[in-house]
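Architecture and fold: a report
Now for the letters of each chain:
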Amino acid sequence: IQGDFLAVRNGHQGRPEFARLLAGSPILTAAGGYGSVELNDSQQAIAMVQTYIRQGVDIIKLAIEDDCEGEQWSLLPAETLSAMTKTAHAAGKRVIAHLTHSYNLQLALDAQVDELAHMVVEPLNDEQLAAVVRRGIYWTPTLELWHGVGLLYPVDYEAQAIENLRRFHRAGGRVVLGTDFGGFMTPFDGGMPMTEFRLMGQAGMSNGAILRAATQTAAEAIGLGDELGSLSAGKQADLLVVAGNPLADLTALQHPLWVFHHGVAVVRPNPKP
């Protein structure tokens, strides 16, 4: 399955009519852990990271999760997590950690991961917050996921996640916009992620900060900041032209006039009758 997905990614590369795709590894985890590829020891874990790198994945993803979806999960040992990250970094690949609990955050810090997927659902202490900001670790809060979970189950992760994002953003943290679309059974916005925009705004992010999280910071997080994410000479001409000012009203993003991908207009204004 992974190889098939890589083939799809490769077939789409450079074609303006398709969205740009990057391929992450499956979530690598412990035997009995949260994720899709279970590992028994450090030697196997390192070998699996090397295998996916040889296959051509863009990003390695690992699980630091022991309590999710109403189940308890096994965790990879700290030394294994560190060895996996070192292996990926040696090959120039970034590492994302699936993480939902603040008490596991130190494992991610010790492993030297590059990005955290999901805002934790317990309060962040000042030391944890400062460490993530100081190290420049990117964080994708997926607030729409926690909003959807709260609609399905008697939990309120959303409020705490918003408060954690508020503090992280205020402290100068690197926020990346992402929703976990398709990652869980909760409903997600199709097209423009308006719910995520709204919830990020509730966390005190300005429209400009939200747009940067969706563009410039997102490109930097995946190692493509020199090619994408801002209007700069020499970068790819991926442009969305809208009728209105999204700095004043993000709903303007739902009304595109032009869409350019790789410098090619893939959406054009309808001619007037």
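Use the structure listed above.
Just so you know, these numbers come straight off a predicted model, no measurement behind them.

Along the backbone of the chain there are 10 helices and 12 strands. For the chain, whose C-alpha radius of gyration is 19 Å, the value lies close to the compact-globule estimate of 19 Å for 273 residues. On the principal axes, the C-alpha backbone points of the chain span a range of 65 × 40 × 35 Å. In the chain, which comprises 273 residues, the share counted as buried stands at 44%. When contacts within the chain are restricted to residue pairs at least 6 apart in sequence, those whose partners lie at least 24 apart make up 58%.

Moving on to the pairing of strand β1 (residues 24-30). By the criterion of burial, β1 is predominantly enclosed, with six of the seven residues buried. As judged from the three bridges shared by β1 and strand β3 (residues 59-63), these two strands associate in the parallel manner. Within the sheet, the bridge partner assigned to isoleucine 27 lies in β3 and is lysine 61. Inspection of the sheet shows β1 paired to strand β2 (residues 37-39) by three bridges, in the parallel sense. From the neighbouring strand, threonine 29 faces β2, where its bridge partner is glutamate 38.

One open sheet holds the seven strands; their spatial order is β2-β1-β3-β6-β7-β8-β9, and the pairing between them is parallel. The open sheet has two edge strands, β2 and β9 (174-175), and neither has a second partner. Lying over the sheet, helix α3 (residues 78-90) contacts β1, β2, β3 and β6 (94-98), oriented at roughly 175° with respect to β3.

Cut-offs applied
- Residues numbered from 1 in each chain as written.
- Predicted model: local features only at pLDDT ≥ 70, side-chain atom pairs only at ≥ 80, totals over all residues.
- Heavy atoms only, no water.
- Helix = DSSP H or I, 4+ residues; strand = E, 2+ residues; numbered from the N terminus.
- Rg over C-alpha atoms; globule rule 2.2 N^0.38 Å.
- Buried < 20%, exposed > 50% of the residue type's maximum accessible area, 1.4 Å probe, protein only.
- Contact = heavy atoms within 4.5 Å.
- Pairing = 2+ DSSP bridges.
- Axes fitted to C-alpha atoms, helices over the stretch in contact; angles between N-to-C directions.

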